[in-house]
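The lines below spell out each chain.
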Amino acid sequence: MSWVDLHRDVHWLDSLSLLSSLSELRLPNCQLNNMISSLGYVNFTSLTVLCLPSNNFNHNMPNWLFNFSSLWSLDLSDNSLKGQIRSTISNLQNLYHLNLSINMLTGRIPESLGQLKHLEIVLLFSYSSCGPIPSQMGNLSSLSSLYLGTNKLNDTLPKNLGLLSNLVELSIENNFIEGMITVGPKFPAWLQTQRSLQALYLSYGGIVDTAPNWLWKWASHIDLIVLSYNQIYGDLCQVMLNARFNANSNRFVGQLPHLSPNVAVFTIANNSLSGEISSFLCKKINGRSKLKILDLSNNALSGELPHCLTRLQYLIHLDLGSNYLSGKIPEFIGSLFYLKALHSHNNSFSGGIPLSLRNCTSLGLIDLAKNKLTGNIPSWIGERTHLMVLQLRSNEFFGDIPQQICRLSYLIVLDLANNRLSGSIPRCLNSISVMATTQNPIEDKFNNVVDYSYSRYPEHLLLVIKGRELKYSSVLPLVRIVDLSCNNLTGRIPTEISSLFGLQYLNLSRNQLTRRIPQKIGDIEYLESLDLSNNHLSGEIPVSITNLTFLSHLDYSYNNFSGRIPSSTQIQSFNALNFVGNPELCGAPLLKNCTEDEGPQGVNPSDGNGEILERSWFYIGMETGFVVGFLGVCGSLLCKRAWRHADFKFLDNMKDGV
């Protein structure tokens with residue numbers, strides 16, 4: 001039984017304890033709050049499986065857990081269990097599967113764990129364990145999977161882990177294990193003795209070493225190698241890889257290695273690799289490539305994209321960003337039919353966006369920022385209904401923003417900044433439904449941008465927000481941004497933009513926008529950054545901006561705003577520089593005080609730009625003036641006979657003169 005809300009049943013354990021013959025108890029995601037028995041004991045004499053992950057336990061592990069000699073599977077992961085793992089865990093002599101990951105347990109891994117001879121799977125990642133890995137772990141001769149990543153383990157890495165001849169998966173990544181730092185500092189030599197190992201995770205291992213030759217020979221028999229975020233160096237040009245491989249953020253140099261057709265994931269971003277990209281992509285392979293994820297970003301690769309890129313028919317994620325690549329993005333890229341994410345930012349690509357890219361119907365992310373691309377933004381982009389990220393900033397695109405962009409209902413990032421775009425902002429932006437809601441329906445859909453059978457490689461993106469370029473990865477599905485800054489856009493800010501209730505970052509600065517700010521701009525209640533600077537906007541700043549309680553960045557400078565700055569703790573906390581360049585603007589945080597005529601603003605008109613009110617007062621004033629003038633002249637003639645005779649005499653004289 002799972003996903004059943006049992007949080008009200010505080011005596012669930014006592015009730016089930018009456019079932020002495022119960023052999024398996026599985027209650028994941030049931031909102032259970034405690035495992036404490038009011039009776040002081042439980043009567044599960046036949047229990048073999050206890051599976052209670054993803055509940056709300058926030059107490060120490062109860063003593064009764066360690067009294068079941070028949071138990072062979074214990075899963076209490078993803079709770080908030082406290083305290084230490086008791087040494088009495090050695091009582092569970094038949095245990096083969098143990099998962100206590102993602103808890104708040106502290107202290108050391110007990111040495112008595114090494115007495116559980118039948119253990120095959122040990123999952124203790126992300127639970128704040130400290131101290132050394134006990135050497136007794138080397139006694140677990142049946143162990144096939146050991147996950148100790150993301151803890152605070154220290155001391156030396158026990159060499160007798162090399163005795164674990166049946167080990168298939170080993171994860172000790174993201175720890176403070178000194179064995180990875182001070183013993184050499186080299187790769188643990190005992191890895192050479194592992195003949196059954198199929199998955200190795202050593203990221204954040206603190207390795208500072210040349211990749212030894214034995215590593216590549218040994219790696220030819222493994223399925224997955226993760227070496228990211230170390231300081232491993234060496235030349236890979238003679239290396240042949242046969243496994244999923246992640247060596248991001250190291251110090252590898254020279255040319256790229258050879259890949260066998262079996263390699264499905266190859267990521268080696270943030271290194272110092274160089275040479276023509278064609279020499280890598282066009283290497284002869286025996287068989288059809290199974291490569292799905294390729295990340296070569298942040299290296300020093302050069303040249304144009306060769307036609308042999310089309311051999312990667314199963315490619316899902318392609319990241320060539322931040323290299324020295326040039327030439328046009330070729331039309332044959334459209335033959336990569338399964339492509340979901342295309343990153344080619346920060347290169348020197350020229351020409352336009354190839355028409356053939358419309359054949360990639362699964363595209364969820366396009367990042368072509370910081371190139372020399374030109375031409376119009378193609379209207380067919382609106383056909384890519386799966387598209388969630390469109391980043392074309394810092395190129396030379398011109399023409400109008402195509403209205404078809406509004407069809408992209410799942411778009412969370414629209415960044416067209418720093419181009420030569422003209423025309424008006426599309427009024428239909430409120431059709432982007434994921435930005436028009438405060439809910440977050442995009443996360444599950446976003447996770448499908450890449451093949452998440454390789455869950456350790458999440459999607460990522462560099463975004464310019466509040467003037468800083470930051471890398472977004474795990475929180476990227478939560479971002480909502482529209483950046484159209486540094487273009488030649490004209491006309492008003494469409495009132496419909498106020499309906500993007502989920503928008504967080506809006507930048508329309510450095511354009512030629514005119515008229516008033518939409519009066520309901522304050523309806524975008526989650527807005528964190530609003531930049532309208534360096535335009536020709538006018539009128540009063542809407543009072544509704546005082547509703548933007550999440551606002552941490554605001555820039556209205558260098559426009560033609562007038563009147564008093566609306567008053568709120570949030571608005572007055574900004575610097576005066578955020579409002580400079582508006583001579584008719586007054587009030588805090590500016591030093592210019594307001595006169596009585598520039599008093600507090602009232603409720604603004606509902607049309608969003610104040611034009612109806614302006615027109616109404618114009619006609620009212622004109623009619624009033626006509627009535628007053630008419631009565632002032634004709635009324636006096638009717639009341640004063642002498643004035644009336646004088647006026648008629650004057651008109652007769654004028655007629656005679658003519």
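Note on numbering: residues in each chain are counted from 1, in written sequence order. Only residues with pLDDT of at least 70 are given local features in this predicted model, and only at 80 or more are side-chain atom pairs given and counted; all residues enter the totals for whole chains, interfaces and linings. Only hydrogens and water are set aside; all other atoms, that is, all heavy atoms of the structure, feed into the side-chain values.

## Remarks on the overall build of the protein
For clarity, the cut-off: The way it works is that DSSP assigns letters per residue, a run of H or I at least four long becomes a helix, a run of E at least two long becomes a strand, and they are numbered from the N terminus. Partly exposed residues are those whose accessible area sits between 20% and 50% of the maximum for their type, while under 20% is buried and over 50% is exposed, using a 1.4 Å probe and protein chains only. Contacts were defined at the residue level, with two residues in contact if any of their heavy atoms lie within 4.5 Å.
Within the protein, the secondary structure is distributed over seven helices and 42 strands. Counting every position in the protein, which comprises 658 residues, the buried fraction comes to 52%. Contacts in the protein between residues far apart in sequence, at least 24 positions, make up 53% of those at least 6 positions apart.

## Observations regarding the confidence of the model for the protein
So the rule is basically this: You can read pLDDT as the predictor saying how much it trusts each residue, on a scale of 0 to 100.
Averaged over all residues, the pLDDT of the protein equals 83, while 83% of them reach at least 70. Of the regions scoring below 50 in pLDDT, residues 177-184 engages in 21 contacts with residues more than four places distant in sequence or in other chains. Confidence drops under a pLDDT of 50 for residues 600-622, and excluding neighbours within four residues, the segment shows 30 contacts in the predicted structure.

## Digging into a nonpolar patch on the surface
Here is the rule we go by: For patch detection, residues must exceed 30% relative accessible area and be free of salt bridges, and they are connected within 9 Å for like charges or within 5 Å for nonpolar side chains (Val, Leu, Ile, Met, Phe, Trp, Tyr). Shrake-Rupley sampling with a 1.4 Å probe provides the accessible areas, and residues are treated as covered by the protein chains on show and by no other component. When a carboxyl oxygen of Asp or Glu lies within 4 Å of a side-chain nitrogen of Lys or Arg, that pair is called a salt bridge.
Residues Y314, F337 and Y338 make up a contiguous nonpolar surface patch of roughly 320 Å² in combined accessible area. Within the fold, Y314 resides in the loop between strand 21 (300-303) and strand 22 (317-319). In this structure Y314 comes out as partly exposed when scored by relative accessible area, which is 33%.

## Some remarks on unusual backbone geometry
Look at the link from A588 to P589: it is a cis peptide, with omega at 10 degrees. Here P589 shows up in the loop between strand 42 (584-586) and helix 6 (611-639). Not every positive phi belongs to a glycine, and S54 is a case in point at roughly 55 degrees. As for its placement among the helices and strands, S54 is situated in the loop between strand 2 (49-51) and strand 3 (73-75). One non-glycine residue, N346, adopts positive backbone phi at about 55 degrees. For N346, the location among the structural elements is in the loop between strand 24 (341-343) and strand 25 (348-351).

## Thoughts on the sheet that holds strand 31 (residues 420-421)
Applied cut-off: Two strands form a pair only when DSSP identifies at least two bridges running between them.
An order of 11-13-16-19-21-23-25-27-29-31 is seen for the 10 strands of this open sheet, with the pairing classed as parallel. Among the strands making up the open sheet, the edge pair consists of strand 11 (208-210) and strand 31. Bridge analysis of strand 29 (residues 396-399) against strand 31 gives two bridges, and the strand direction is parallel. If you follow G399 over to strand 31, its bridge partner there is L421.

## Description of the state of the cysteines
Counted only if it meets this: When the sulfur atoms of two cysteines come within 2.5 Å, that pair is taken as a disulfide.
All told, the structure shown has three disulfides when counted by the stated rule. Here C282 is linked by a disulfide to C308, with a sulfur-sulfur distance of 1.7 Å. Residues C282 and C308 share a disulfide whose torsion about the S-S bond is about -50 degrees; that sign makes it left-handed. Remark: C308 occurs in the loop between strand 21 and strand 22 and C282 occurs in the loop between helix 3 (277-281) and strand 20 (293-295); sequence separation between them is 26 residues. Taken in N- to C-terminal order, the disulfide-linked cysteines of the protein are connected 1-2, 3-4, 5-6. Cysteine C30 is unpaired, with the sulfur of C51 as its nearest cysteine sulfur at 9.8 Å. A relative accessible area of 0% places C30 in the buried class.

## Remarks on the packing of aromatic side chains
How we decide: The aromatic pairing rule takes the rings of Phe, Tyr and Trp, using the six-membered ring of Trp, and pairs them if the centres are within 6.5 Å, calling planes under 30 degrees apart stacked, those over 60 edge-to-face and the rest tilted.
Under the counting rule described, the total for this entry stands at 11 aromatic pairs. Summarising the aromatic geometry, the rings of Y556 and F561 are spaced 5.4 Å apart at their centres and angled 45 degrees between planes, so their arrangement reads as tilted. F561 matches Y556 in its accessibility class, with the two residues each being buried. An aromatic cluster is defined as three or more aromatic residues linked by ring pairs; in this entry it consists of W216, F245, F252, F266 and F280.

## Quick word on the sheet that holds strand 39 (residues 536-540)
Pairing is parallel across the open sheet formed by five strands, whose spatial order is 35-37-39-41-42. Looking at the sheet topology across the chains shown, the edges are occupied by strand 35 (490-491) and strand 42. Looking at chain direction, strand 37 (residues 512-515) and strand 39 are connected through two bridges and run parallel. For T514, the partnering residue across the bridge sits in strand 39 and is H536.

## Observations regarding the pairing of strand 37
With two bridges joining them, strand 35 and strand 37 adopt parallel strand pairing. Of the residues in strand 37, the one forming a bridge with G491 is L513.

## Topic: the pairing of strand 41 (residues 560-564)
Of the pairings in the sheet, the one linking strand 39 to strand 41 comprises three bridges and is parallel in character. By the bridge assignment, G539 is partnered in strand 41 with F561.

## What to know about the pattern of salt bridges
Taken as a whole and judged by the stated rule, the model has seven salt bridges. Residue E383 pairs with R384 through a salt bridge whose shortest N-O separation is 4.0 Å. Since its relative accessible area comes to 36%, E383 is described here as partly exposed. You can call R384 buried: its relative accessible area is 7%. For the salt bridge of R393 with D415, the shortest nitrogen-to-oxygen distance reads 2.9 Å. Of this pair, R393 sits in the loop between strand 28 (389-391) and strand 29 while D415 sits in strand 30 (residues 413-415), and the two are 22 residues apart along the sequence. With relative accessibility at 0%, the residue D415 sits in the buried group. When salt bridges that share partners are traced, they join R358, E383 and R384 into one network.

## Some words on the side chain of S322
Looking at the element boundaries, S322 is found in the loop between strand 22 and strand 23 (324-328). In this view, S322 contacts S297, N298, N299, H345, N346 and N347; residues no more than four positions away in its chain are not counted.

## Considering the side chain of S228
For S228, the position within the fold is in the loop between strand 12 (224-226) and strand 13 (231-235). Residue classification places S228 among the buried residues on the basis of a relative accessible area of 5%.

## Side note on the environment of F579
Within the fold, F579 resides in the loop between helix 5 (569-572) and strand 42. Taking relative accessible area as the criterion, F579 reaches 0% and is therefore assigned buried. Taking the C-alpha atoms as reference points, F579 and P589, separated by 10 residues in sequence, lie 8.1 Å from one another. Setting aside its immediate chain neighbours within four residues, F579 contacts I541, L554, Y556, S557, I565, I571, F574, L585, P589 and L590.

## Digging into the environment of L123
One can find L123 in strand 5 (residues 121-123). The buried category is assigned to L123, whose relative accessible area is 15%. Put simply, L123 and L146 are 23 residues apart on the chain and 6.2 Å apart in space, counted from C-alpha to C-alpha. Discounting residues that sit within four places of it in the chain, L123 has contacts with H97, L98, N99, L100, S101 and Y147.

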